[in-house]
Amino acid sequence: RELHARVVSNRLRGPGALTQVHYRACNLCEALCGLAIEHEHGKIVGIRGDKEDPFSRGHICPKAVALKDVYEDPDRLRHPVRREGDRFVEVSWDEAFSDIGQRLRAIRREHGNDAVAFAQGNPVLHNYGASIYAQTLLPWALRTRNRFSSASVDNLPRMLVSRWMYGNQVILPVPDLDRTAHFLILGANPMASNGSVMTAPDLPKRLKALRERGGRLIVIDPRRTETADVADAHHFIRPGTDVFFLLGFLHTLFTEELLHLDRLPVPVEGLKEVRALALEYPPARVAPLTGIAAGTIVKLARDFSAAPSAVCYGRMGVSVQEFGLLATWLIDVINVVTGNLDRVGGPMFTSPAVDLVAIARRTGQPGSFDSFRSTVRGLPEFNGELPIATMAEELEANARALIITAHNPVLSAPNGRRLDGVLAKLELMVAVDLYVNETTRHAHYILPSTTTLEHDHYDLALHAVGIRNTARWNGALFDPPAGLLHDWEIFLRLIAEVSPLGKAALAVGKRVTPRTIVDLLLRAGPTKLTVAKLEQSPHGVDLGPLEPRLKKLCRRIELAPAQMLKAAARVSLSPAGERVGERANQLLLIGRRDLRSNNSWMHNSHRLVKGRPRCTLYMHPEDAAPRGLESGQVVRVTSRVGSIEVPIEVTDSVMPGVVSLPHGWGHGRPGVRLSVASAHAGVSMNDLTDENAIDLSCGTAVLNGIAVEVRPLPDPLPLREREAPASSTSFAAPPAR
Ligand SMILES: Nc1nc2c(c(=O)[nH]1)N[C@H]1C(S)=C(S)[C@@H](COP(=O)(O)OP(=O)(O)OC[C@H]3O[C@@H](n4cnc5c(=O)[nH]c(N)nc54)[C@H](O)[C@@H]3O)O[C@H]1N2
Ligand SMILES: Nc1nc2c(c(=O)[nH]1)N[C@H]1C(S)=C(S)[C@@H](COP(=O)(O)OP(=O)(O)OC[C@H]3O[C@@H](n4cnc5c(=O)[nH]c(N)nc54)[C@H](O)[C@@H]3O)O[C@H]1N2
Ligand code: SF4
Ligand SMILES: [Mo]
């Protein structure tokens with residue numbers, strides 16, 4: 001309302017104050033909402049949903065408005081800085097690149113390429129210029145085995161399952177949300193996250209429409225989430241046991257002959273093996289493990305199979321757990337054997353204007369896995385990257401320098417405190433980032449890039465997982481402030497410093513911009529669109545609903561990849577009833593996303609953090625009572641790796657035995673330059689998650705179902721003392737600008 005009033009008052013200011021509107025897609029989460037950004041004389045005066053965007057139809061969430069706060073943020077770095085002792089001082093780009101280049105070359109000469117590590121985080125995915133460089137060209141130039149990213153705390157299992165079942169890691173099934181009759185969600189909370197590997201702006205309205213047309217929405221989650229609140233049914237599941245639930249579900253499908261294989265467009269291999277596996281897990285056997293009654297599992301399977309169309313969908317809740325790869329696989333198995341895959345109303349496949357599958361094929365890149373292993377724990381590589389759970393020890397063992405971009409692993413990786421300590425000891429750390437935060441405070445150089453409103457945007461990744469086929473190009477709203485570089489320009493300069501082709505790379509890169517590259521990719525794609533054509537449609541173009549096309553993508557479905565059967569053998573060995581966290585007094589910690597948070601980096605926007613504190617521990621009354629705990633009380637939460645202090649909220653929205661804490665908080669550390677976020681610091685969930693807890697079959701970190709103890713806090717220490725990490729450097733003076 002506040003915003004609306006301001007927009008109206010601007011209009012009333014009359015023709016002198018000319019309000020212009022710029023249309024573009026929001027790139028903060030995966031929903032791709034269209035924004036109408038009103039601006040006057042270089043100032044943003046309002047951000048609304050773009051009603052003419054055929055995909056998002058005017059929907060936005062509170063984070064979109066905070067794009068203005070990021071753009072204007074006085075804490076945002078606008079010049080390269082170098083750390084000198086405890087301070088950051090401004091340096092010129094030339095000085096920065098030349099010193100960084102010299103030091104990188106010396107380290108590589110003396111200690112080999114692997115001594116320079118590279119890590120990239122979530123926002124790279126949302127910035128096409130950055131991703132072209134950070135995901136392909138820079139790794140090619142660095143030729144290091146010490147690469148890391150957020151994939152191994154995120155969607156790695158999803159991509160691996162696609163690789164093994166359909167032959168390519170970017171053949172990703174997407175729920176046909178607008179047409180399905182039955183939507184079964186495990187471990188995802190789209191009402192807060194706005195969807196993941198399912199680009200669907202305006203999820204609240206779409207889920208409502210699903211139920212209004214008689215469809216059913218069912219949620220399986222250890223917390224009664226915002227999505228569970230709008231569902232037909234919600235069932236609590238004990239964290240980390242989805243694999244058992246899904247096997248029990250499949251058992252019913254097989255024994256009651258509820259399969260519809262005749263509907264599938266391509267042949268299926270491995271049905272016999274999957275059947276044999278499922279038959280070992282009758283619902284009665286898995287029920288006590290999962291906390292879901294056998295009768296409920298049977299009924300859920302029958303209803304799913306009987307529905308005219310159905311999608312089983314799982315995200316973070318199933319991805320980052322001990323058997324996350326298996327659970328992700330079994331979800332697809334259920335969609336396949338019930339004949340829903342690639343069918344209207346089932347999980348379908350996009351035909352995006354930039355055809356990632358074709359590109360992956362042409363470049364011979366269906367994905368890689370286990371082509372080498374980490375040196376300390378022998379964990380498998382994925383896509384040329386090692387699991388982030390092994391980053392601290394691998395850096396310690398093998399790296400002298402780290403280039404890190406759009407990544408805040410001190411808050412987002414398991415046992416972030418350990419990483420915090422390791423980063424402080426690097427010989428050279430170069431961060432390409434907007435802020436001095438928990439991670440970048442350790443950098444020797446921070447090279448700041450433009451924010452999203454200062455560069456053009458095409459979403460290479462997210463159109464490829466849309467619930468409709470769409471395409472959208474938007475130019476920059478503002479010119480970058482003098483001297484600020486785009487992410488890709490920074491990477492280009494870094495490549496020029498480390499590559500023997502150096503100057504030549506720079507010359508080519510300056511002419512072949514990301515825009516040129518996307519234009520070529522669009523022209524090569526199925527729609528033959530061009531950037532110029534898309535510029536004519538600033539609200540984006542709708543290319544229609546998804547259509548069955550699996551036949552064009554793969555010749556057969558590998559239902560029982562050997563790697564999965566091997567991983568499944570490990571499950572049967574884990575004894576019933578003796579699972580993690582079952583010991584007395586322990587609770588199982590799970591995560592939580594809030595509509596007003598965006599992982600770790602948007603808490604410096606006052607409008608997103610004001611109001612009631614969001615970094616709280618949810619606990620069920622049955623667990624709070626015996627511990628003598630009440631809402632608002634500060635408690636100490638302890639895991640194998642660390643402990644934090646946080647206020648609790650007693651609520652029956654979490655399952656008994658389970659506690660929930662959001663991630664991405666913990667900004668009250670010395671040297672962090674986020675004035676608003678530090679005043680609403682919270683604590684980091686990843687001070688509790690355990691880098692030794694991984695899904696052994698693929699290296700993904702376990703972030704849900706962490707065994708913790710919760711105790712009342714006898715006499716709280718002052719905040720500063722509690723949060724100062726013993727192992728990291730401190731920054732006495734704030735860095736200079
Ligand atoms: N507002 C907001 N939106 C975001 C983000 C954000 O930080 N804030 N982040 C973006 C990113 S990077 C991503 S990857 C997506 C993630 O998108 P989602 O996966 O939809 O988001 P989460 O809220 O993590 O949902 C995970 C759910 O799994 C449940 N869960 C935990 N453990 C288990 C378990 O063992 N079994 C089952 N069945 N459920 C479990 C949790 O209670 C939670 O409801 O969201 C994106 N959108
Ligand atoms: N316990 C727990 N941990 C989790 C999760 C969870 O559910 N539970 N979720 C995991 C998931 S799904 C993800 S994706 C990760 C996310 O974790 P990360 O990959 O670490 O990403 P962010 O926390 O979003 O940090 C983003 C960084 O990028 C910077 N940045 C923002 N925009 C730009 C830009 O345009 N260019 C550049 N160069 N920098 C930019 C920000 O300042 C910040 O430093 O967290 C993971 N960690
Ligand atoms: S839902 Fe996501 S894409 Fe839409 S406005 Fe919010 S942050 Fe942006
Ligand atoms: Mo993510």
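It should be noted that the structure appears before, not after, this text.
If you're wondering where the values come from, they're calculated on a predicted model, not measured in any experiment.

The rules behind these values
- Residues numbered from 1 in each chain as written.
- Chains lettered and ligands numbered in written order.
- Predicted model: local features only at pLDDT ≥ 70, side-chain atom pairs only at ≥ 80, totals over all residues.
- Heavy atoms only, no water.
- Near = heavy atom within 4 Å.
- Nonpolar A, V, L, I, M, F, W, Y, C, P; charged D, E, K, R; others polar.
- Polar contact = N/O pair within 3.5 Å; in protein donor to acceptor, adjacent residues only side chain to side chain.
- Areas by Shrake-Rupley, 256 points an atom, 1.4 Å probe, with all protein chains shown as cover.
- Helix = DSSP H or I, 4+ residues; strand = E, 2+ residues; numbered from the N terminus.
- Expected span 1.5 Å × (residues − 1).
- Buried < 20%, exposed > 50% of the residue type's maximum accessible area, 1.4 Å probe, protein only.
- Pairing = 2+ DSSP bridges.
- Axes fitted to C-alpha atoms, helices over the stretch in contact; angles between N-to-C directions.
- Contact = heavy atoms within 4.5 Å.
- Core = buried A, V, L, I, M, F, W, Y, C linked by side-chain atoms within 4.5 Å.
- 1 Å grid on protein atoms, 1.4 Å probe; cavity = no way out; pocket = protein on both sides within 12 Å on 5 of 7 lines; lining within 4 Å.
- Points joined across faces, edges and corners; volume = space filled by probe spheres on them.

Quick look at the site of ligand 3
In the vicinity of ligand 3, the contacting residues are Cys26, Leu28, Cys29, Ala31, Leu32, Cys33, Ile60, Cys61, Lys63, Ala64 and Asn194. Tallied by class, the residues present in the shell around ligand 3 amount to nine nonpolar, one polar and one charged.

Considering the site of ligand 2
Near ligand 2 lie 28 residues; those nearest to it are Ser412, Asp433, Asn437, Asp487 and Ser600. Interatomic distance of 3.0 Å between a backbone N/O atom of Val432 and a nitrogen atom of ligand 2. With respect to ligand 2, the side chain of His663 contributes an N or O atom lying 3.5 Å from a nitrogen atom. Bound to the protein, ligand 2 loses 96% of the 920 Å² it would expose on its own.

Some details on helix α10 (residues 242–255)
The end-to-end C-alpha distance of α10, which contains 14 residues, comes to 20 Å, matching closely the 20 Å that a straight helix rising 1.5 Å per residue would cover. Across the 14 residues that make up α10, a large majority, 13, are buried. Where α10 ends, the next residue or the one after it, Glu257, has phi of about 55 degrees, a positive value.

Looking at the sheet that holds strand β18 (residues 428–432)
The strand order across the open sheet formed by seven strands is β5-β4-β19-β18-β17-β6-β7, and the pairing between neighbours is mixed. The two strands at the open ends of the sheet, each matched to only one other strand, are β5 (87–90) and β7 (147–149). Each adjacent strand pair in this sheet contributes to an overall mean axis angle of 20 degrees, direction not counted. Pairing of strand β6 (residues 116–120) with β7, which is carried by three bridges, proceeds in the parallel orientation. Across the sheet, the residue bridging to Phe118 is Arg147, located in β7. Strand contacts of helix α4 (residues 93–111): β4 (81–84), β6, β17 (401–405), β18 and β19 (445–447), with the helix running at about 125 degrees to β19, the strand carrying the most contacts.

Overview of the pairing of strand β10 (residues 216–220)
Of all five residues in β10, four are buried; the element is thus mostly enclosed. Pairing analysis gives five bridges linking strand β9 (residues 182–186) to β10, with the strands arranged parallel. When the sheet's bridge partners are listed, Phe183 is paired in β10 with Leu217. Bridging between β10 and strand β11 (residues 233–235) involves three bridges; their strand directions are parallel.

Re the environment of Arg78
Relative to the helices and strands, Arg78 is located in the loop between α3 (67–72) and β4. When the C-alpha positions of Arg78 and Ala482 are compared, they lie 9.2 Å apart, and in sequence the two are 404 residues distant. With sequence-adjacent residues up to four places away left out, Arg78 is seen in contact with Tyr71, Glu72, Asp73, Pro448 and Leu484. Within the local environment of Arg78, its side chain forms a polar contact with the backbone oxygen of Tyr71, the two atoms lying 2.9 Å apart. Side-chain polar atoms of Arg78 contact the backbone oxygen of Asp73, separated by 2.9 Å.

So, the nonpolar core
Among the nonpolar cores identified, the biggest contains 68 residues, and Met165, Ile220, Phe245, Phe249, Leu250, Leu326 and Trp329 are the most heavily contacted of them. It is helix α15 (residues 324–337) that provides the largest number of residues to this core, a total of ten residues. Ranked by size, the runner-up nonpolar core spans 50 residues in total, among them Leu104, Ile107, Leu447 and Ala496.

Notes on empty space enclosed by the protein
Taken as a whole, this structure holds twelve cavities of 30 Å³ or more when the rule is applied. As a volume, the second largest cavity reaches approximately 140 Å³. Lining of the second largest cavity is provided by 15 residues; of these, Arg158, Pro173, Tyr313, Gly314 and Asp332 occupy positions nearest its centre. Counting only elements with at least two residues in the lining of the second largest cavity, the list comes to β8 (174–175), β13 (311–314) and α15. Among the residues forming the lining of the second largest cavity, the class breakdown is nine nonpolar, three polar and three charged.

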